[in-house]
Amino acid sequence: MTRGERQFNRADPDNRLVASELERRWEAALNDVRAAEEALARQTPPKAITQVAISKELNDKVISLTGRLPQIWGDETISDAHRKALLRCLIEKVVLDRGERDLALARIVWRGGAVTELEVKMSVNSVTRLTRGTEMRERLLTLARDGVPDDKIATILTREGHRSPRCADKVLPITVGRLRRAAAIKVTAQRSRWEHDDSYLSPPELARRLEIPVNWLYVQIRTKRLLIDRQPSGAYLFPNTPSVLHAIGDLRNHVIAQLDLRICQPNKEGHQHG
């Protein structure tokens, strides 16, 4: 029994003020005791995790699973949620060093202690922010002065390992054209506006294929309901694929509100619609 409790029990019931003050002190003392007990509990080290013995059968299953991870990861029936759950089981933490330019260093610490380090290409705002930006610009201007068309320059630079600021794996003709014009280099040989291979469709060809007015396509582009890259010649070319034709049909029929056919977007690739 605490001192405060003994004083409270001995107090004259008729003296209400004294009894009330003793009761307040008693409650304050009890609160102090509870706080001290909680603080002590937080400082007590947690119990050691009991090591669980793994049977040989379970151990063999785990070992056999390691060789099947690439197959499981690439299985089309596995959802992204399942892939993320698998990674959470395998990875302890990821440390990302953003760096000063377009390369970030990712350090993956796996459960068990193994470490993997890799470079991640990041989107940037300009060619000057690329690690090899100066080299790419000089090479680009040299090819442009030799009369090489923009699309061919883009192909050459991509093959040499360069990329556009917002693309992870290629140089876009629009990037080449922008840098060429900034250096006041004109195209020496005018190319046909609609010159392209069978994997693309010009707006008139697309309109005929879908039996829609060609002006409707230009209106959608102008109002940004249809997002598409302009070719160096100034033309618009649409991928000649069933998915793109179907998506444009959905846009025409108001099934979707916007269609994005740009080659590369920040953090995205390919086309999307919603």
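Computed from a prediction, not measured in an experiment: that's the story for all the values here.

(A) A look at the overall build of the chain. Of regular secondary structure, the chain possesses eleven helices and ten strands. Per-residue burial for the chain yields a buried fraction of 26% across its 274 residues. A fraction of 45% describes how many contacts in the chain between residues 6 or more apart in sequence connect residues 24 or more apart. Accessible surface for the chain amounts to roughly 19,400 Å². Of this, 53% is attributable to carbon and sulfur atoms.

(B) Highlighting the nonpolar core. Core analysis: the biggest nonpolar cluster contains 19 residues, and L206, L217, L226, F238, I248, L259 and L261 have the highest contact counts within it. Secondary structure elements with two or more residues in this core: helix 9 (203-210), helix 10 (214-222) and helix 11 (242-252). Broken down by element, this core gets its largest block of residues, five residues, from helix 11. Not counting chain neighbours up to four residues away, the residues in contact with F238 comprise S199, Y200, L201, P203, L206, I221, L226, I228, I248 and L261. Ranked by size, the runner-up nonpolar core spans 16 residues in total, among them L143, I156, L157 and I185.

(C) Fine view of the packing of helix 7 (residues 150-159) against helix 8 (residues 173-182). At their nearest, the axes of helix 7 and helix 8 sit 8 Å apart, and the two run at 110 degrees to each other. As judged from the angle between their axes, helix 7 and helix 8 are roughly perpendicular. When the axes of helix 7 and helix 8 are compared, the crossing they make is right-handed. Contact with helix 7, carried on its side by D150, D151, I153 and A154, involves P173, V176, G177 and R180 of helix 8 and no other residues of that element.

(D) Representation of the side chain of R163. Counting through the fold element by element, R163 comes out in the loop between helix 7 and helix 8. A relative accessible area of 6% places R163 in the buried class. Within the structure, the side chain of R163 is placed 2.7 Å from the backbone oxygen of M122, a separation counted as a polar contact. At 2.7 Å, the side chain of R163 and the backbone oxygen of C167 are in polar contact. With residues up to four places along the chain from it excluded, the contact list for R163 reads D102, K121, M122, L130, M136, A168, D169, K170 and V171.

(E) Region of interest: the packing of aromatic side chains. Under the definition given, this model contains zero aromatic pairs. R252 extends its terminal NZ or CZ atom over the ring of W216, reaching a point 5.3 Å from the ring centre.

(F) Structural view of the pattern of salt bridges. In this structure the tally under the stated criterion is seven salt bridges. Note that R139 is salt-bridged to E160, the shortest N-O span being 2.8 Å. Separated by 21 residues along the polypeptide, R139 in helix 6 (residues 133-145) and E160 in the loop between helix 7 and helix 8 bring together distant segments of the chain. For R139, a relative accessible area of 32% translates into the label partly exposed. Accessibility expressed as a relative area gives 34% for E160, which makes it partly exposed. Here R180 ties to D150 by a salt bridge, and the two come within 2.9 Å at their closest N and O atoms. Here D150 lies in helix 7 and R180 lies in helix 8, a separation of 30 residues in the sequence. The exposure class assigned to D150 is buried, which follows from its relative accessible area of 6%.

(G) Layout of the side chain of D250. Within the element layout of this structure, D250 appears in helix 11. Despite its burial, D250 pairs with no opposite charge, the nearest such side chain being R225 at 11 Å. With sequence-adjacent residues up to four places away left out, D250 is seen in contact with V255 and I256.

(H) Fine view of the environment of I108. Assignment of secondary structure puts I108 in strand 2 (residues 103-110). Once the C-alpha coordinates of I108 and V95 are considered, the two residues, 13 residues apart in sequence, prove to be 6.5 Å apart. Sequence-distant contacts of I108, that is, excluding residues within four places in its chain, are made with I91, K93, V94, A114, V115, T116 and L118.

(I) Summary view of the sheet that holds strand 2. Spatial strand order, 1-2-3: three strands in an open sheet with antiparallel pairing. Every other strand in the sheet has two partners, leaving strand 1 (91-97) and strand 3 (115-121) as the edge strands with one partner each. Strand after strand, the sheet turns through a mean of 20 degrees between neighbouring axes, direction not considered. Across six bridges, strand 1 lies against strand 2 in antiparallel orientation. Across the sheet, residue V94 finds its bridge partner in strand 2, namely I108. Each of strand 1 and strand 2 is contacted by helix 5 (residues 80-90), which is oriented at about 95 degrees to strand 1, the strand it contacts most.

Reading the values: the criteria
- Residues numbered from 1 in each chain as written.
- Predicted model: local features only at pLDDT ≥ 70, side-chain atom pairs only at ≥ 80, totals over all residues.
- Heavy atoms only, no water.
- Helix = DSSP H or I, 4+ residues; strand = E, 2+ residues; numbered from the N terminus.
- Buried < 20%, exposed > 50% of the residue type's maximum accessible area, 1.4 Å probe, protein only.
- Contact = heavy atoms within 4.5 Å.
- Areas by Shrake-Rupley, 256 points an atom, 1.4 Å probe, with all protein chains shown as cover.
- Core = buried A, V, L, I, M, F, W, Y, C linked by side-chain atoms within 4.5 Å.
- Axes fitted to C-alpha atoms, helices over the stretch in contact; angles between N-to-C directions.
- Parallel < 35°, antiparallel > 145°, perpendicular 65-115°, else oblique.
- Left-handed = near helix turned anticlockwise from the far one by under 90°.
- Polar contact = N/O pair within 3.5 Å; in protein donor to acceptor, adjacent residues only side chain to side chain.
- Phe/Tyr/Trp six-rings, centres within 6.5 Å; stacked < 30°, edge-to-face > 60°.
- Lys NZ or Arg CZ within 6 Å of the ring centre and 35° of its normal.
- Salt bridge = Lys/Arg side-chain N within 4 Å of Asp/Glu carboxyl O.
- Lys, Arg positive; Asp, Glu negative; His and termini not counted.
- Pairing = 2+ DSSP bridges.

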